[in-house]
There are 2 protein chains.
Amino acid sequence: MIDTFETQLREHGLSVTAQRLTLLQTISDYPHITADQATEIARKQLGSISRQSVYDTLNMLVEKGLARRIQPFNSPALFEDRVGDNHHHLVCRNCGAVEDVDCAVGYRPCLQASDDNNFVIDEAEVTYWGLCPKCQSKNSKSRKSTPQTRKAKS
Amino acid sequence: MIDTFETQLREHGLSVTAQRLTLLQTISDYPHITADQATEIARKQLGSISRQSVYDTLNMLVEKGLARRIQPFNSPALFEDRVGDNHHHLVCRNCGAVEDVDCAVGYRPCLQASDDNNFVIDEAEVTYWGLCPKCQSKNSKSRKSTPQTRKAKS
DNA sequence: ATCAAAATTTGGACAATGTCCATAATTTTG
DNA sequence: CAAAATTATGGACATTGTCCAAATTTTGAT
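Residues numbered from 1 in each chain as written. Chains lettered and ligands numbered in written order. Predicted model: local features only at pLDDT ≥ 70, side-chain atom pairs only at ≥ 80, totals over all residues. Heavy atoms only, no water.

Details of the overall build of chain A
Part 1: What chain A contains, in helices and strands, is 6 helices and 6 strands.
Part 2: Written out in order from the N terminus, the α and β elements of chain A read α-α-β-α-α-β-β-β-β-β-α-α.
Part 3: By residue count, 41% of the 154 residues in chain A fall in the buried class.
Part 4: Taking the intrachain contacts of chain A between residues at least 6 apart in sequence as the baseline, contacts between residues at least 24 apart amount to 45%.
Part 5: Of the roughly 8400 Å² that chain A leaves accessible, carbon and sulfur atoms contribute 46%. (Helix = DSSP H or I, 4+ residues; strand = E, 2+ residues; numbered from the N terminus. Buried < 20%, exposed > 50% of the residue type's maximum accessible area, 1.4 Å probe, protein only. Contact = heavy atoms within 4.5 Å. Areas by Shrake-Rupley, 256 points an atom, 1.4 Å probe, with all protein chains shown as cover.)

Notes on the sheet that holds strand β5 (residues 98–101) of chain B
Part 1: Strand order across the open sheet formed by 6 strands is β5(A)-β4(A)-β6(A)-β6(B)-β4(B)-β5(B), with mixed pairing between neighbours. A single partner strand is all that each edge strand has here, and the edge strands are β5 (98–101) of chain A together with β5 of chain B. Averaged over all pairs of adjacent strands, the angle between strand axes in this sheet comes to 25 degrees, irrespective of strand direction.
Part 2: Pairing geometry for strand β6 (residues 120–131) of chain A and strand β6 (residues 120–131) of chain B, over 11 bridges, is antiparallel. Note that in β6 of chain B the partner of Ile 121 of chain A across the bridge is Gly 130 of chain B. (Pairing = 2+ DSSP bridges. Axes fitted to C-alpha atoms, helices over the stretch in contact; angles between N-to-C directions.)

Some thoughts on the pairing of strand β4 (residues 88–92) of chain A
All names here are of chain A.
Part 1: Counting buried positions over the 5 residues of β4 gives 5, a clear majority of the element.
Part 2: With burial as the criterion, each face of β4 is covered, one bearing His 88, Leu 90 and Cys 92 and the other bearing His 89 and Val 91.
Part 3: Joining the antiparallel neighbours β4 and β5 is a turn of 5 residues, in which Gly 96 adopts a positive phi near 85 degrees.
Part 4: Relative to β6, β4 is paired through 4 bridges, and the arrangement is parallel. Bridging across to β6, Leu 90 finds its partner in Tyr 128.

Thoughts on the interface of chain B and chain A
Part 1: In this complex, chain B contributes 38 residues to the contact, which on the side of chain A involves 38 residues.
Part 2: Both faces considered, chain B and chain A share a buried interface measuring about 3200 Å² in area, 57% of it formed by carbon and sulfur atoms.
Part 3: Counting the surface chain B buries against chain A, the share from its top three residues, Phe 73, Phe 119 and Tyr 128 of chain B, is 19%.
Part 4: Connecting chain B to chain A are 4 salt bridges.
Part 5: For Glu 123 of chain B, the salt bridge is made with Arg 93 of chain A, and the minimal N-O distance between the two is 2.9 Å.
Part 6: Where chain B touches chain A, the interface holds 20 residue pairs in polar contact (both at pLDDT 80 or more).
Part 7: When residues of the side of chain B that touches chain A are traced back to their parent elements, those giving at least two are β4 (88–92), β5, β6 and α5 (133–137) of chain B.
Part 8: Per-element accounting of the side of chain B that touches chain A gives the leading share, 12 residues, to β6 of chain B. (Buried area = accessible area lost by both parts, 1.4 Å probe. Salt bridge = Lys/Arg side-chain N within 4 Å of Asp/Glu carboxyl O. Polar contact = N/O pair within 3.5 Å; in protein donor to acceptor, adjacent residues only side chain to side chain.)

What about the pattern of salt bridges?
Part 1: This model, assessed by the stated rule, comprises 16 salt bridges over all chains.
Part 2: Taken together, the shared-partner salt bridges in this structure form one network comprising Arg 68, Glu 80, Asp 122 and Glu 123 of chain A together with Arg 93 of chain B.

What about the sheet that holds strand β2 (residues 68–70) of chain B?
Residue and element names in this part refer to chain B.
Part 1: A sheet is described by the order of its strands in space; here 3 strands give the open sequence β1-β3-β2, paired in antiparallel fashion. The sheet terminates laterally at β1 (33–34) and β2, the two strands that pair on one side only.
Part 2: Relative to strand β3 (residues 78–80), β2 runs antiparallel, the two being bridged by 3 bridges. Its bridge partner lying in β3, Arg 69 is registered against Phe 79.

Concerning the relation of the copies chain B and chain A
Part 1: Once chain B is rotated about the relating axis by 180 degrees and shifted along it by 0.0 Å, it coincides with chain A to within an RMSD of 0.0 Å. Both copies of the chain, as the preceding transformation shows, are related through a two-fold rotation axis. Among all residues of chain B, the one whose C-alpha sits closest to the rotation axis is Val 126 of chain B, at a distance of 2.3 Å.
Part 2: An overlap of 100% is found between the interface residues of chain B and their copies at the interface of chain A, pointing to a shared contact surface. (Least-squares fit on C-alpha atoms with pLDDT ≥ 70 in both.)

This is how it looks when you write it as structure tokens:
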């Protein structure tokens, strides 16, 4: 697996470093991970890695199309491995849980805008908002968790 | 017009204050406005208003369904007046420009998730990503403006 | 109108997320 | 292996947003 990551980096003209390999592994192991969480996990592998390297690497992976970034409201950016299939996301308004949803169309942009305003559109990002099963049951209590609340628990 | 805003507030059991009326007017006048920009504009009307009041008010308006919040990557949250028609947005990857796009369906959620993972879905938010007409032409230069760059210009 | 209670606003501190920059370290190239 | 290029590091800093307690304003009932 690590070998595949190395190949991916080289194919994009990037130097191969332990930091990058580890982060590729990390977002592959933990879809929808934050930069902070990725830093924690990468540090267990590497001993240490700077916060800046994590941001640099994740941003670069997104730029190169090796990772995807989603940014739900009230949440730091989440990174995922799964790329190129234009899948979508289900986000819980209460607890922030994120699930993947396959795109019925499967290629980008999967939707036609009713009027493109002369934009050149390359992607239609769909976010379904609602309540996850867990938050449906404890509906009446602990609603509206703040970002802090959510973060504290993690 | 101000009168309508007053009515809207009262209907939702909210006190009527100059700050709230001004902010309702502001997001009506300037769709896709940031909290900071709204603060600037509101201050011209009111003389002064605290940053906290702006955030409180905008958050409250969103919560009550009197405003909508969108949050494109690399941009602070944007607020808009237009509510309840489940329209969508076109976002320029280069300069961050945002345009409204009507939803062909018109009511929420306008899309069916391919698998709802047992979520109760109430909205499908669609963001079309691409390049606006202006950024298509000056394609080769000034790509990838950072948030800073964008902010500086505004 | 007036007053007490409730709701709102204020300002200052603080938190979270992310970027800038110059230097050090590592990786690649020849 | 050494030079050149790329990457990583850490510390400062910017931006966006929230917490909190005190002051002010609005509301509802006389």
